Each structure stands twice: as C-alpha cells, then as structure tokens.
Amino acid sequence: MTELTKLTLAEALDGLKAKTFSSREITQDFIQAIEGARVLNAYVVETPEKALAMADTADARIAKGEGGKLEGAPLGIKDLYCTKGVRTTACSGILGEFTPTYESTVTQNLWDAGAVMLGKLNMDEFAMGSSNETSHFGNVINPWRRTGDNQGLTPGGSSGGSASSVAANLCLAATASDTGGSIRQPAAFTGTVGIKPTYGRASRYGMVAFASSLDQAGPIAKTVEDSAILLDVMCSHDPKDSTSLNVDTPDWRGDVAKGVKGMRIGIPKEYRIDGLSDEMNALWDQGIAWLKAAGAEIVEISLPHTKYALPAYYIVAPAEASSNLARYDGMRYGARVSGDNLTETYEATRASGFGREVQRRLMIGTYVLSSGYYDAYYLRAQKVRTKILNDFVEAFEGCDAILTPTCPSPAFAFGEKSGDPVEMYLNDVFTVTANLAGLPGISVPAGLSSTGLPLGLQVIGKALDETACFRVGGELERAAGFVAKPEKWW
Ligand code: GLN
C-alpha cells in the first residue's frame, strides 16, 4: 500500500474523494510521522486531537457527497497565522503563551474548504531571517543533507518549518509568508515549490505583522499544481484588510499544464551577480534552454536598479517592523517582565522578549525613521522602491514573465552565515525585488547541486498575473523532472 504521507495534495484529494482512504487515516499517519520527526523541530505546536476531530467532520461530509476544495487534507500552518484557541507566537519569546481569540482570514478560508490542521510550524522570530536560526524555539533542521556529510543544514527562512515539513512529508502542504523571500528561498533550499502571490491577493488579517507593505501569504507545497490548489483557497477579498484586492481568482490549477508556447521570457542581465555560484548560473542557463525548447521566446531585459534593492529592503522592512512591533509592550499580549515603573516594564519586557536579530532590526528601523535621518534613509529607500517598480513595468513591456535563480547558492550549514548579518541578507538578493514591487513570484526545484542539494529557479510575473508564474513554473517542473527526495535519516 502507498504511504499516504508521500502523496501530493492533488493525489490525496482524489483518494479522499474516491474514499480510497479516509481523512482520519491520512491524518493519523501524519500525526505519527510528526511524532517520529521531532528532531527536525518543524512543528512548535502539535494539535493531534483537533486534527482528528476535523478529520472526522471531513469524513462525514465526504460520506454525504459534500465537501470543499480541500476536504480532509491535513496541512501545517506557519506560526505567523492567528489560530483561534491555539498558541500563536510568531516564534517570539515576547508573545509568551499568547492564544488568539480569533482566526486569520487565510486559515479560516482553509477550514471553510475542509482542510485539517496538524499544528503550528516553526519560523524565524517575527519572520525575520533567512535560515530559521532566530526562532525562540530553536533551529529547524533541513531534511536534506550534503552527499556523504551529516552536518545539519538550515532549511532557509523564515518559513523553514513550512519547508522542512513539506519536504519531510509531515503535512501535505503548508501555509507560509513572504516579506522578502520567506516562501521562495526555503522552498528552493528544500526541493519544494513556493509561491508569493501579488501583494493584496491574500488577506493579511490575523497574520502577525512584520512589514505590512511587503508581507504576503502563500503556500509551500510538493508540486506546482499543489501550490496552485492551495493558493486558490488562501486568496480572497477581505474587508478586514484595507490592502486586500477585490479581484477574481483564475483557474491557476488549469494553468500549470498550459505550457509556454509563444510566451516571452525575460532574462535580467543585472541578476548575473558575482556571488552567484557557477552551478546556479549553469542551472539558470539550463532553465532558459528548457523554456526555449518548449516554444518560448527568450529576451534579454534590464532591471537597472537591482543593486539598490537589497539596501532599500533592509531599510523599508525594519522601518515598518519598528512601527508594527511597538505594540509588544508587555501590557497587551504575552510575556511581561515587570520593572519599578511603566517605562522600566516596557524596557525590561522588550529587552528580554525580543531576540537579537529582532532587536537589531528595531534599532535600524527606529534610526532610519528618526528626524534628521528620515530623509536620508527611509525617504530615499522609498524612492528606490518606486524606481524598482518602474524597472519591472518597463521590462514587462517586452516580456510576459521573468526567469531568475531563487537564491545565489544551495542550503548552508548552521552558523555558516549567522555571524555576519550582511552575508545573511545577501541570500535575499533575487527575492526582495518582487516584494518591493508587489509582484508574484514562484520558486520551482530544477536541479541538484554537486553536493546533492536542491536548487530552485524563480519566475516573476506581472501584477495579478500568477497565471504566468504557474505556466512557466509548470513547464520548468516538467522539463526538470525533479523527483529527488531527502534520504530519511530522522
Ligand atoms: N530573509 C528576509 C528577512 O530576513 C525575508 C524574510 C521574510 O520574507 N519574511 O527579512
């Protein structure tokens, strides 16, 4: 018999509908798999009882011939999403045992469609990081290892728990979030697929805020088709989020098989940066060749302000974070460290509740927003942001989608980059641009490094044109035929 945890989301939904197995059966298998994989530290809260109750409800609906788009499918939820009655801390100490009394819109959409919650997934604290080394609950381990080497590798970040759990078959698919690459980079590091939709497609209501003008929800899944299935349910217009768009969701699942014939694919020359590994460069060329062979036209494009994207991101994101995280004052949520007076209580709570990386960002953010420095940093970064958007608008006059690497290199080991924040930030060089411009971007596994680790290619689409991401992503997936899985050692 097939191991149910190894199924794709699409296969599992078919099996559930056909009653080949029940939601209770597949949910039980996942609960067991999660218990056996605690060494990966992917889950920070396991909710087995809730999962089984949800599975039974789903089975009853399926028995009656009813059921939503995700009926009975067990999923993992990034700890950034508020889940009613289930502890939600964005993996920060400052949220203590905070247990929301309400549900985020994205997760509510999943439950309304019949999905089953297995638990909450580990992440970098407040989604700040590229390696999952900043979580209050400890590192997430990547199930992948370099060939012949037992050294622990990071799964990327900040959605490292989401990526590891999908790669290790600890859920069918997972929610994630992306402010500067946190869906796409961990997907690339774990041989999974991740898509960040256009800013405003998914509601931010009930997502713990990092940088509100950049934050966007999206899935990490095993295949491009699975990511389309999940994204479709996650996205909705929501009056509770003023930046939520009132737009229809096209048939993304259908787009995956459409191919790229006649599409014009832009290759940005500024993305051939010095830090790009030779094998990543070669894989990018391979991707170009695959798309050409499938009938796409390849065009060279220019995104001239690319080199300013990372500095602009690391000003705008901390600035917004310093404002958003001002609410954690020890009075309203979670943990409190009492001092002799109100100010001391604020200071003591924030000094002990926030981790080092979060504190660094809050200091940077406060600095760039302070009078005297605002114009020199924040305002300039905002102007750069507009220029980056304009670069894309102009480039898209000559192409329908843009192909780039997702990251400069494959997954790295713990401690390898955490000593130098700037080196860590360089990981995000190809992903932050889509956030600054609000564009959709997908990462698809396309090959293995010489050390046996997955490498991802990224496709960026025009605003609201996730269809292009799914068409090109689907083609890359077919051409690459990426079937490698991490060898089970846990
Ligand atoms: N790695 C980036 C950062 O640390 C992006 C994080 C994210 O997308 N949430 O800010």
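Given the structure is predicted, the values throughout are model-derived calculations rather than measurements.

K.L.:
Quick rundown of the environment of D278? Include the residues and the values.
P.N.:
Mapped onto the fold, D278 is located in helix α9 (residues 278-293). You can call D278 exposed: its relative accessible area is 66%. Between the C-alpha atom of D278 and that of S449, which follows or precedes it by 171 residues, the distance is 10.0 Å.

K.L.:
Could you give an account of the packing of aromatic side chains, with specific residues and numbers?
P.N.:
Pairs of aromatic rings are described using the distance from one ring centre to the other and the angle between the two planes. What the rule picks out here adds up to 18 aromatic pairs. Look at W489 and W490: their rings are 5.7 Å apart centre to centre, the planes differ by 90 degrees, and that puts the pair in the edge-to-face class. The exposure class assigned to W489 is partly exposed, which follows from its relative accessible area of 28%. One aromatic cluster in this structure is built from F98, F126, Y328, Y333 and F354. Just above the ring of W284 sits the side chain of R272; from NZ or CZ to the centre is 4.0 Å. Its guanidinium or amino end placed over the ring of F412, K417 lies 5.2 Å from that ring's centre, counting from NZ or CZ.

K.L.:
Tell me about the confidence of the model for the chain, and please be specific about residues and values.
P.N.:
Residues of the chain with pLDDT of at least 70 account for 100%, and the chain-wide mean is 97. Per-element averaging of pLDDT across the chain places helix α14 (residues 421-425) at the bottom with 90 and strand β2 (residues 74-78) at the top with 99.

K.L.:
Now, about the nonpolar core: what can you tell me, with residues and values included?
P.N.:
Formed by 155 residues in total, the largest nonpolar core has its most connected members in L70, L110, F126, F392 and L403. Looking at which element gives the most residues to this core, the answer is helix α10 (residues 309-324), with 10 residues. Each residue touching L403, except ones within four places of it in the same chain, is listed here: I265, G266, I267, P268, W284, G287, I288, L291, L457, Q458, V459 and L476.

K.L.:
Give a detailed account of the pairing of strand β7 (residues 264-268), specifying residues and quantitative values.
P.N.:
The two faces of a sheet get side chains in turn, since along a regular strand they alternate between them. With respect to burial, β7 is a largely interior element, 4 of its 5 residues being buried. As paired strands, β7 and strand β8 (residues 297-301) are joined by 5 bridges and run parallel to one another. Directly across from I267, in β8, lies its bridge partner E300. Regarding the hand of the β-α-β motif, the stretch spanning β7, α9 and β8 is right-handed.

K.L.:
A description of the environment of N435 should follow, citing residues and the corresponding values.
P.N.:
Note on placement: N435 falls in helix α15 (residues 432-437). We classify N435 as buried; its relative accessible area is 1%. Considered as a pair, N435 and P197 are 238 residues apart in the sequence and their alpha carbons are 9.6 Å apart. Here N435 is in contact with D178, T179, G180, G181, R184, K196, L214 and R385, once residues within four sequence places are set aside.

K.L.:
Could you give an account of the environment of V208, with specific residues and numbers?
P.N.:
Tracing the backbone shows V208 in the loop between β5 (193-196) and β6 (216-221). For the pair V208 and G160, spaced 48 residues apart in sequence, the C-alpha to C-alpha distance is 17 Å. Sequence-distant contacts of V208, that is, excluding residues within four places in its chain, are made with L80, T88, A90, F126 and Y328.

The rules we used
Residues numbered from 1 in each chain as written. Predicted model: local features only at pLDDT ≥ 70, side-chain atom pairs only at ≥ 80, totals over all residues. Heavy atoms only, no water. Helix = DSSP H or I, 4+ residues; strand = E, 2+ residues; numbered from the N terminus. Buried < 20%, exposed > 50% of the residue type's maximum accessible area, 1.4 Å probe, protein only. Phe/Tyr/Trp six-rings, centres within 6.5 Å; stacked < 30°, edge-to-face > 60°. Lys NZ or Arg CZ within 6 Å of the ring centre and 35° of its normal. pLDDT = per-residue confidence, 0-100. Core = buried A, V, L, I, M, F, W, Y, C linked by side-chain atoms within 4.5 Å. Contact = heavy atoms within 4.5 Å. Pairing = 2+ DSSP bridges. Right-handed = clockwise from strand over helix to strand, strands pointing away.

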